[in-house]
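Survey of secondary and tertiary structure
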Amino acid sequence: MVNLLSALRVALLMLALFGVAQAFMPVGGGTQTHTTITGTAVLSKVKEACQAVAESEGREFKPTGSSAEELLRACLGTATGEVSAAKFHTALNQIYMQNGLVDRELARSPAHHFNNEAFVQSRSIITEGTVSVKANVRNGNFQTARETLGRVCHTLQDFYSHSNWVDLGYKSPYTTLLRPDLPIDNVADIDTPTCSDCASGTCPNPLLPDILEKKKLTSGYLGLESATKPKGKCSHGGASDLTSAVEPRGGLSKDERRSDNGALHDAAVAVATQATLDLLEDIRGAAGNKEFLRLMGIARSAVLCFVIDTTGSMADDIAEAKRVATQIIDTKKGTVDEPSEYILVPFNDPKFGPLVRTTDPDVMKAKIAGLGADGGGDLPEMCLSGLQLALTGAPPSSQIYIFTDAAAKDMHLEKTIISLIRSTKSTVNIFMTPKKTRSESKRSLKYTARAPDFRVYYDLALASGGSAIEVSKSNLPQATEIIVDTSTSALVTIMQRSRSKAETFSFLLDESISNVTLYVTGNSITFTLKSPTGVTQSSSQTSGPLGEVKTVGNLKRIRLNAVNQTGLWEIQMKSSSSYTVKVTGQSAITFVYDFVETFKGPHPGYAVIEGRPESGMPTMLLLTLSSAKGPGQLKVTEAALLEVSGSGVANGTVEHMGEGNYLVSVESAPAGEFVVLLKGQDTVTSSLFQRQSTTQMAVTPLTIKVVADKNMEPGKQFDVPFTIHSSVPSTKFNIRARNDKDFAMNVPSSVTPVGGSTAEGVLKITSPANTASGTDVTLTIDVESASGASDSNYVVVRLSVVKKVTDFTPPLCTVVNVNNSCPANCSEALWMATVSITDGNGTGVENIWLQQGQMDLVSTNETEADGVTVLFNSYQVACCTPDLQLTVTDKEGNVGSCFHSIRPPTTTPIPLTTPHGGQPSLGLAAPLWLCLLLSATAVLRDITPFSL
């Protein structure tokens, strides 16, 4: 009974955690979706990895509750500070988004859905995608890995709903789908009939007796445009499948739970979930626990990213960047504000890069210390090229800090940078220390944006929600306090506006907010700040009743006092020139969002928009809320699209979709650049809150679609087809494309639409033959209508370069000797285990990961026989750690594992089910916690099918 209750708690924990699971749910009735299946498996593996990391570090893993934030807190251990789940939700959404893309963009591809008996081709999509995920994780390209993982999960799960696997009685996954070295056999050939006719379309078992008896594999044929299918073959089924009306009528699909297929649907969900767990365990084994958690967005949220000008006049600026980086590294160590990653991009003229990315603070210190200031001379530098590398190399929603004293030479990249800012939602903060010209050398430097030299920096900062700060080199240390402020976890923006006239702005501070700071940038500005209690303080008061005001260059930084902050504040601005005002703080109450559109097909739903939303129609977005205890105590009272530089506001209608997810529909978006404004209430404390997104967006009559779901190969040309549509007739679409690796590209300069509205084109890109496997390249395509430059859009595509793999044989790991003499008091003794590790004739062992347990390697012996190297590793394990699990990876990412436990056996092992043509499942046929989870999910959720 104790184990049963424990399993039930795990099941309910999973239910509570995958709040994003409905974010891309199709429209209709049912109980399970690809998202719920993927979310269940991902969060189960996250919990296992967190537990293993905690155990290896000798600490407990005990979440204080069932929310994602509490899981994060337990994963981070003893680190102090505020925790935000924004990056965790963002990472999950990236996986779910690409999972849904397979239904939207690849509905007509049989191989992506195991339709039309395309078993070999479908398996290739899974195995090649898995190789790509592992290679990208190995190179730290986590976003690319997540996107590929989402697509792979969809195809893998479709095998169980679109084939007859569970109809044949199998209760375990078909592990051959993860093993390209094993044959897929016993497949019904093209001439073998598979189904009987079902006039009603809802027959419980349409398979022919011969197929059942011989356990022949088959899957349904799907026709979205044609009713043609091979004679006697099963259809997919459903109203959108034209073949389902052709004898044999009906279909095999178990996507939706109906009265006639309830048991089969439930079985397909259970096995698809276990198959997803097996896939994730394989990736976890190749990555190791800590990198697997980074893949899933489990990390301290702060990322320290510097883009630094290294021309001859920048010695003081480089020294300041080094000082600030060292201060952050040293003062934030052991807190949740400790950066999870460090990124450095130097730029000069004509060179820029390379991008340096590390999790080791000492490496970051050394890299900045090693920067030299030399070269340059003609003032403009390659700043935007360096920023492009940072935007493509840093995680989404990063804070990026640029140091420069010159204008940008590479202005042709401006629109590409804007596209990348919108795609990544990263914030760009720019510290400008302009050089004095000869005519200025005898007079004081004025802090003005000298158009057009520095205009682009102000535009980029505003577009991203950041700050453009212009100071002298001697005053730079005072300005860089903003880096310490913003390189922090749980940072939220409460309000940001841009104006060129006097105006009063209000902003709401709630009880969860701490470390509130205001930033005002501009020249000749005065302001008056007013608290909710009516107390005021002017900008001339450097230390007043409301806070401290520091002025440096064109920046005024106001740090509010820690007491009496809750309520509605006002700031009255007085200026006749351009200025920005921004209010930030730290809080676990935050939100992530994506603009979405509906799509039709057999399983219609919502899909994330890559690029700008389309004008002339309602604008929709999906919001996911989170707080310190999860979203359950929060409710949204208002959501709107708000112009930052104007007065336009478009209020939206809000639909609560459960578990902290909201669908917001705006009938008509503002004409100018806008952000998302969210207001709500904490129902426990009754405190009202306000949050604002930072990245500016705008609608457009142009849409651009790109589908690139395959890997690039080194040295080979890769085609990227795209489609452009405009709701406003155009004579021509101008094309501009760039990639961050400078790979050779053949890009059409323009394409001509058919009928004035739709055009198609193909971009060709080739990576060098020596490109390392696991390299990712970010491709940005910008489109403008010849009828007007304001009619423009973009798409950002992440591609992976992966060499063809021929070694699919996993390494061997075997426990060969155990010395167990543990007493009753486990804290007083150790046990020993020796394992043998070999990769046979493969590519060679690359890593040995500790997946479970806490142990020390005490000795290693190496022998060689018949050309095969065998390692004998001996481990010393505390008796209080009864389980030992190691995974071994070779250089291609193949994973082998070995496990030993000194726990006394308590139950009779359940025999593995060995399906025809495959290998035993990596796990039990139907773990108890999974059965409980699926049962609880069926009761508590009313969501739709795991689709096409």
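In the block above lies the structure referred to throughout.
Positions within a chain are numbered from 1, following the residues in the order the chain's sequence is written. Restriction of local features to residues with pLDDT of at least 70 applies here, the model being predicted, together with a cutoff of 80 or more for giving and counting side-chain atom pairs; totals for whole chains, interfaces and linings are based on all residues. To get the side-chain values, all heavy atoms of the structure are used, and hydrogens and water are removed first.

The helix and strand tally for the chain stands at 17 helices and 39 strands. When each of the 948 residues of the chain is scored for burial, the buried share is 58%. The contacts of the chain with a sequence gap of at least 6 include a subset with a gap of at least 24, amounting to 74%. Here the chain has roughly 36400 Å² of accessible surface; of this, 51% comes from carbon and sulfur atoms. By the criteria applied, helices consist of DSSP H or I runs no shorter than four residues and strands consist of E runs no shorter than two, each listed in order from the N terminus. Only protein chains enter the area calculation, which uses a 1.4 Å probe; residues under 20% of their type maximum are buried, those over 50% are exposed, and those in between are partly exposed. Every residue pair with non-hydrogen atoms within 4.5 Å of one another is taken to be in contact. Only the protein chains shown count as cover for residues, and all accessible areas are computed by the Shrake-Rupley method using a 1.4 Å probe.

Quick look at the nonpolar core now. To form a nonpolar core, buried Ala, Val, Leu, Ile, Met, Phe, Trp, Tyr and Cys residues must be joined to one another through side-chain atoms within 4.5 Å. Counting 60 residues, the largest nonpolar core has L149, F159, Y160, W165, L177 and M296 as its most contacted members. Mapped by element, the contributors of at least two residues to this core are helix 2 (34-56), helix 3 (68-76), helix 4 (86-105), helix 5 (119-138), helix 6 (142-162), helix 8 (262-287) and helix 9 (289-295). The biggest single contributor to this core is helix 8, with 10 residues. Counting residues in each nonpolar core, the second largest holds 57 residues, with L387, L420, I430 and A463 among its members.

Considering the arrangement of structural elements, one finds T766 in strand 30 (residues 758-766). When the C-alpha positions of T766 and M712 are compared, they lie 8.2 Å apart, and in sequence the two are 54 residues distant. Discounting chain neighbours no more than four positions away, the residues touching T766 are M712, G715, K716, Q717, F743 and A744.

Any two of the Phe, Tyr and Trp rings considered here, Trp counted by its six-membered ring, make a pair once their centres fall within 6.5 Å; the pair's planes then place it as stacked at under 30 degrees, edge-to-face at over 60, or tilted in between. What the rule picks out here adds up to 16 aromatic pairs. Plain terms: the ring middles of F306 and F403 are 5.7 Å apart, the flat faces sit at 85 degrees to each other, and that makes the pair edge-to-face. Residue F306 is located in strand 1 (residues 303-309), and its partner F403 is located in strand 4 (residues 399-404); the two are separated by 97 residues in the primary sequence. Just as F306 is buried, F403 falls in that class too. One Lys or Arg, K215, reaches over the ring of Y170 and ends 5.1 Å from the middle of that ring. Lysine NZ or arginine CZ positioned within 6 Å of the ring centre and within 35 degrees of the ring normal marks a charge as sitting over the ring.

A word on the side chain of S498. In this fold, S498 is placed in strand 7 (residues 491-499). S498 has contacts with L462, Y579, T580, V644 and S645, leaving out every residue within four places of it along the chain.

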